[in-house]
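Residue-level structural notes
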Amino acid sequence: MEIKRVQLAKVNNALYNTEKRLQFEPFFRYLESFTESAVSSDDMIPLVALERIREIEKVNGKLCSHNLNAYKDILQLIYSLSVSLIDTDPKQYWALGTALAEETFYGTEAFFELWKNKLVEQEIQDQMQNEGILNNQEKLIYALIFERLYGLPAKENNTIVYHHLDEQGEIIDYYDLNIDFKFVDIKPKKELPLFDVESLTKNANDTSLFDWNNIVNTIKIEDFELSGFTILTAQKSSLAHTRERIQSILLDLATYNYHLFLTDLEKIIAPILKGTNTVFSLFPLFQLNGVPFFDYSITNKSILISETYANSSYTNINPAIASYLKHPHLIFYNTLDTIKNTTSIFDERIQASGVKTYLCIPLIHNHALSGILEIYSHQLDQLDHETIHSLRELVPLLSQLSHDITTEFKKRIDEIIINRFTTIQPAVQWKFNHVAAQYIQEFEQDEQNAHIKPVIFEEVYPLYGAIDVKDSTIIRNASILRDFSFKVKQLALLIDELSLDGRHQLIVDFSKRVDQITASLDQISFDESMVKIIEFFRKDVQPFLDAARKQFAAKHAIIEHYARHFFTNRETGEFYRNEFETSLRRINHIISKELNHFNSFIQGNYPSYFQKFRTDGIEYDIYIGESITPQQTFSREFINVFRRQQIISMARIALKTYHAKQDLPLSLETTQLIFINPHSIDISFREDERRFDVEGSLNIRYEIIKKRIDKIRIKRTKERLTQVNKIAIVYLSDEILEDLNLSIQAIYDMGIIENNVEHLKLEDVQGIVGLKAIRLTVNLNYRDFS
């Protein structure tokens, strides 16, 4: 035991201004409580202590920071009374501190040795409007004020957590410092402020959630005085805090990149491992198509699973690994003197790796292997009883963690497959599962006619829309021809350069060929032009360049300078086409993003089937009906709500593409088209095209109309129905008009379209007579959309 002042915490000005005294008065009252009745043998120690303190006070005055040595026997007695005599642990972390507990004045050698390390105070996590407004000491003092002076128990447990950091700033240990305020008096310097408890909480029904911002405005710490001393005890708490950190990140696992997560996990586990030379390796057991799948970016630290054990094909697992995964067991290697090494097929591998101490723990979740945990070191005596006990405590959590990582991995794979590679969407997945289960059942029963039945949804209502980039074919063709014109100009410049040395037959012949191909392009169609252009560069330009390199060796650099413009090169040879393609991609990205919002709206209200098709714009089909979502009651009102949202979605697309024009390399515009089918149809899944299509001859008419209205004209005019900044709605039957007009009025009230509704009759097209349309004009000044 020694008298020693050690600063434990940073104290701000408010706490420094608080009046505080080091004294025995609270301790006196504690001792006197034992001597109020008749003296018994049990009261002798408190009585002797009181008499001894009074004797010292007469000679040396009351306890203060300047006469601690005179009270050393009493301080030792306080230690004896607060610590069990049975506990003879030489590493007892115990000390006496000031009333604020910001500084020690007496304690064990072990306590002061501990505080020589790089310990960093961890802020108490609390629900506050302004995080960090109070430090730990202030929160504890407020808790003391509430408890002693207002009788309001606080949720604080008078414990401050300290991190022990290594040279790199990583946590290698945790210590909990418990502060006992039993022998501290707290008194207000003036009348206590009155307050309504509910006004100091964020939730009137929960008084534990203090609104610290309100508290500091009502109660000032400097208006109180503290006297006495605190008893401080510290204990290593690495296991508890490691468990808490693992539990907390389990809740956020879906947000993690699992590679980065496992790296963070190594740092979290570090405090329970002995020494920096101890390696932690955990890898979840991923299953891909029913076969273990090893990701070597996370198993590269594993002794058990290494690249030397793997075949280039993940479906051909090393037999030793496969056997172990079927029958997993603990593997000990030089862990503890009292534990005999297990006999393992991996002993040679462990020895060859240079590892001196090794422990392998299979992680089991719900009676199935979820992952492998390995702890090893290239030094002996790195896996002691404490480390193994801590790992044993964490195994259930790590097993859960491995399981959750693999589950999340599988979930992400499914999402990619569903969203990117197949049309089997969540809304219809149940039907495919049902059909597959029926087939398996029939097959298992050896039925001769067992087959996979067609997937059909009857009586579904279709919603069709198409967003087209106006004149995209014309613009693309013009861009290609402009690129060709650019290349021809480069050829002319090269010819001029080579002609400086005089007229050569090679140049004369090639110049004539250039003139011929350029003149011919004005007389033929674009498709014929493309054939001639490709042949010209392959059969004429390339041979000319090869011959020029030989004949004009001195101008090799000039030839190469121009040559790089003549063939497919995204930076030089296809400049104008690249402008078009870049602009088209950006437009389609805007459209797709808005359609994803529209789809989210539909799925959130009534799960339905949604499929998109890429052209120079985007077309989409939506199918809605009770046969797709039988678990939810269907109402025709869903159709009206979705049709209204469809028009709003089209208007938003028109607005966003309009405002995006100025930022595109090449200005592109879009047209918006909707077709309303008045009746339900049947659809079936076509395995050859992996998509849904109409079922039955009566429903084919719906598909025919969709294909023939994209370029339809207004009756008795040459005007195309689809126009930029407008929404065209094609229909056959007037029975939908009442609901449609109500939707249009509601959308107009939003301000997103103008009060200019055109009712149009359309020209007859092959096999289709009597089509009508409503055309809406988008309000280009509308701004209230994200």
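Residues numbered from 1 in each chain as written. Predicted model: local features only at pLDDT ≥ 70, side-chain atom pairs only at ≥ 80, totals over all residues. Heavy atoms only, no water.

Digging into the overall build of the chain
Scanning the chain from N- to C-terminus turns up 22 helices and 26 strands. Counting all 786 residues of the chain, 47% fall into the buried class. Residue pairs in contact within the chain that sit at least 24 positions apart in sequence constitute 70% of those at least 6 positions apart. Counting every atom, the chain has about 41,200 Å² of accessible surface; 49% of that belongs to carbon and sulfur. (Helix = DSSP H or I, 4+ residues; strand = E, 2+ residues; numbered from the N terminus. Buried < 20%, exposed > 50% of the residue type's maximum accessible area, 1.4 Å probe, protein only. Contact = heavy atoms within 4.5 Å. Areas by Shrake-Rupley, 256 points an atom, 1.4 Å probe, with all protein chains shown as cover.)

Quick word on the pairing of strand E12 (residues 278-284)
Of all seven residues that make up E12, six are buried, and the element is covered over most of its length. Pairing geometry for E12 and strand E17 (residues 368-377), over seven bridges, is antiparallel. Within E17, the residue paired with Pro284 across the bridge is Gly371. (Pairing = 2+ DSSP bridges.)

A short note on empty space enclosed by the protein
Per the stated rule, a full pass over the model turns up four cavities of 30 Å³ or more. Forming the boundary of the second largest cavity are Asn640, Arg643, Ile676, Ile736, Asp739, Leu740 and Ser743. Those elements that provide at least two residues to the lining of the second largest cavity are helix H20 (636-660) and helix H22 (737-750). Ranked by the residues each element gives to the lining of the second largest cavity, the list is headed by H22, at three residues. Each residue belonging to the lining of the second largest cavity can be placed in one class, and the counts come to three nonpolar, two polar and two charged. (1 Å grid on protein atoms, 1.4 Å probe; cavity = no way out; pocket = protein on both sides within 12 Å on 5 of 7 lines; lining within 4 Å. Points joined across faces, edges and corners; volume = space filled by probe spheres on them. Nonpolar A, V, L, I, M, F, W, Y, C, P; charged D, E, K, R; others polar.)

A short note on the packing of helix H19 (residues 575-605) against H20
Packing of H19 against H20 leaves a shortest axis separation of 10 Å and a crossing angle of 160°. If you check the angle between H19 and H20, you find them roughly antiparallel. Seen along the crossing, H19 lies across H20 with a hand that is right-handed. Along its contact with H19, which presents Ile587, Ile590, Ile591, Glu594, Leu595, Phe598, Phe601, Ile602 and Asn605, the element H20 presents Phe638, Val641, Phe642, Gln645, Gln646, Ser649, Arg652, Ile653, Lys656, Thr657 and Ala660. A class-by-class count of the residues in the contact of H19 with H20 yields twelve nonpolar, five polar and three charged. (Axes fitted to C-alpha atoms, helices over the stretch in contact; angles between N-to-C directions. Parallel < 35°, antiparallel > 145°, perpendicular 65-115°, else oblique. Left-handed = near helix turned anticlockwise from the far one by under 90°.)

Points about the sheet that holds strand E11 (residues 230-236)
Spatial strand order, E3-E2-E11-E6-E5-E4: six strands in an open sheet with antiparallel pairing. In the strand order of this sheet, the two ends are held by strand E3 (104-107) and strand E4 (119-121), each with one partner. Averaged over all pairs of adjacent strands, the angle between strand axes in this sheet comes to 30°, irrespective of strand direction. Where strand E6 (residues 171-180) and E11 come together, six bridges link them in antiparallel fashion. Looking across to E11, one finds that Asn178 is bridged to Thr233. Each of strand E2 (93-97), E3 and E11 is contacted by helix H4 (residues 72-82), which is oriented at about 130° to E2, the strand it contacts most. Sheet strands touched by helix H6 (residues 136-149): E4, strand E5 (159-165) and E6. Its angle to E5, the strand with the most contacts, is close to 165°.

Digging into the sheet that holds strand E15 (residues 331-333)
Spatially, four strands are ordered E12-E17-E16-E15 in an open sheet, and the strand pairing comes out antiparallel. For this open sheet the edge positions go to E12 and E15, each flanked by a neighbour on one side alone. For this sheet, the mean inter-axis angle between neighbouring strands, taken without regard to orientation, is 15°.

Observations concerning the packing of aromatic side chains
Here the structure, examined in full by the defined rule, presents 30 aromatic pairs. Relative to Tyr175, the ring of Tyr93 lies with its centre 6.0 Å away and its plane at 90°, an arrangement referred to as edge-to-face. Here Tyr175 lies in strand E6 and Tyr93 lies in strand E2, a separation of 82 residues in the sequence. Above the plane of the ring of Tyr576 lies Arg482, whose end atom (NZ or CZ) is 3.8 Å from the centre. The lysine or arginine in question, Lys487, covers the ring of Phe537, its NZ or CZ lying 5.2 Å from the ring centre. (Phe/Tyr/Trp six-rings, centres within 6.5 Å; stacked < 30°, edge-to-face > 60°. Lys NZ or Arg CZ within 6 Å of the ring centre and 35° of its normal.)

Re the environment of Ile305
Topologically, Ile305 is positioned in the loop between helix H10 (296-299) and helix H11 (319-326). Judged by its relative accessible area of 1%, Ile305 is buried. Considering only alpha carbons, one finds Ile305 and Asn318, 13 residues apart in sequence, at a separation of 9.8 Å.

Thoughts on the nonpolar core
Membership of the largest hydrophobic core comes to 47 residues, with the highest contact counts inside it found for Leu595, Ile727 and Ile729. Listing elements by their share of this core, those giving two or more residues are strand E18 (456-469), H19, strand E20 (618-624), H20, strand E21 (670-676), strand E24 (726-731), H22 and strand E26 (772-777). Looking at which element gives the most residues to this core, the answer is H20, with ten residues. Aside from chain neighbours lying at most four places away, what touches Ile729 is Ile647, Ile674, Ile676, Leu740, Lys772, Ala773, Ile774 and Leu776. In terms of nonpolar packing, the next biggest core, distinct from the first, is built from 37 residues, Tyr93, Ile186, Ile215 and Ala234 among them. (Core = buried A, V, L, I, M, F, W, Y, C linked by side-chain atoms within 4.5 Å.)

A closer look at the pattern of salt bridges
Tallied over the entire structure, the rule returns 26 salt bridges. Through salt bridges with shared partners, a single network forms among Arg476, Arg577, Glu581 and Asp616. (Salt bridge = Lys/Arg side-chain N within 4 Å of Asp/Glu carboxyl O.)

Some points on the pairing of E24
Along any regular strand, the residues point their side chains to alternate faces of the sheet. In terms of burial, E24 is a largely internal element, six of the six residues being buried. Where E24 and E26 come together, six bridges link them in antiparallel fashion. If you follow Ile727 over to E26, its bridge partner there is Leu776.

Some words on helix H18 (residues 556-563)
Within H18 the residues assigned to the buried category are Ile559, Tyr562 and Ala563. Seen end-on, H18 carries its buried residues on one side only, within an arc spanning 105°. Packed against the buried residues of H18 are helix H15 (472-499) and helix H17 (526-551). (Arc of directions from axis to C-beta.)

Quick look at the environment of Val395
On the secondary structure map, Val395 appears in helix H13 (residues 385-421). In this structure, the C-alpha to C-alpha distance between Val395 and Ile364, residues 31 residues apart in sequence, is 8.7 Å. Residues in contact with Val395, not counting those within four places in the same chain, are Ile361 and Leu363.

Here's the deal with the side chain of Ser472
Relative to the assigned elements, Ser472 resides in helix H15. Here Ser472 is in contact with Phe580 and Asp616, once residues within four sequence places are set aside.

A look at the packing of H15 against H18
Between H15 and H18, whose axes approach to 10 Å, the crossing angle comes to 170°. The orientation of H15 with respect to H18, classified from their angle, is roughly antiparallel. Residue-level contacts link Gln490, Leu493, Leu494, Glu497 and Leu498 of H15 to Ile558, Ile559 and Tyr562 of H18. Its residues placed into classes, the contact of H15 with H18 shows six nonpolar, one polar and one charged.

Observations concerning the confidence of the model for the chain
Across the chain, the average pLDDT comes to 80, with 82% of residues at or above 70. Across residues 204-208, confidence stays below pLDDT 50; counting only partners more than four residues off in sequence or on other chains, it has five contacts. With pLDDT under 50 throughout, residues 308-315 is counted as low confidence; its partners more than four residues away or in other chains account for 15 contacts. (pLDDT = per-residue confidence, 0-100.)

Points about unusual backbone geometry
Excluding glycine, residues mostly carry a negative phi; peptide bonds, for their part, are mostly trans. The phi dihedral of His367 is positive, around 65°, even though this residue is not glycine. With respect to the secondary-structure elements, His367 resides in the loop between strand E16 (357-365) and E17. Classification of His367 by relative accessible area gives exposed; the value is 83%. Phi is positive for Asp471, which is not a glycine, with a value near 55°. Its location among the elements puts Asp471 in the loop between E18 and H15.

Structural notes on the environment of Gln76
Mapped onto the elements of the fold, Gln76 is located in helix H4. Gln76 gets classed as partly exposed once you look at its relative accessible area, which sits at 31%. Measuring from C-alpha to C-alpha, the distance between Gln76 and Tyr106 comes to 9.0 Å, with 30 residues separating the pair along the chain. Leave out the neighbours within four places in its chain, and Gln76 touches Met1 and Tyr106.

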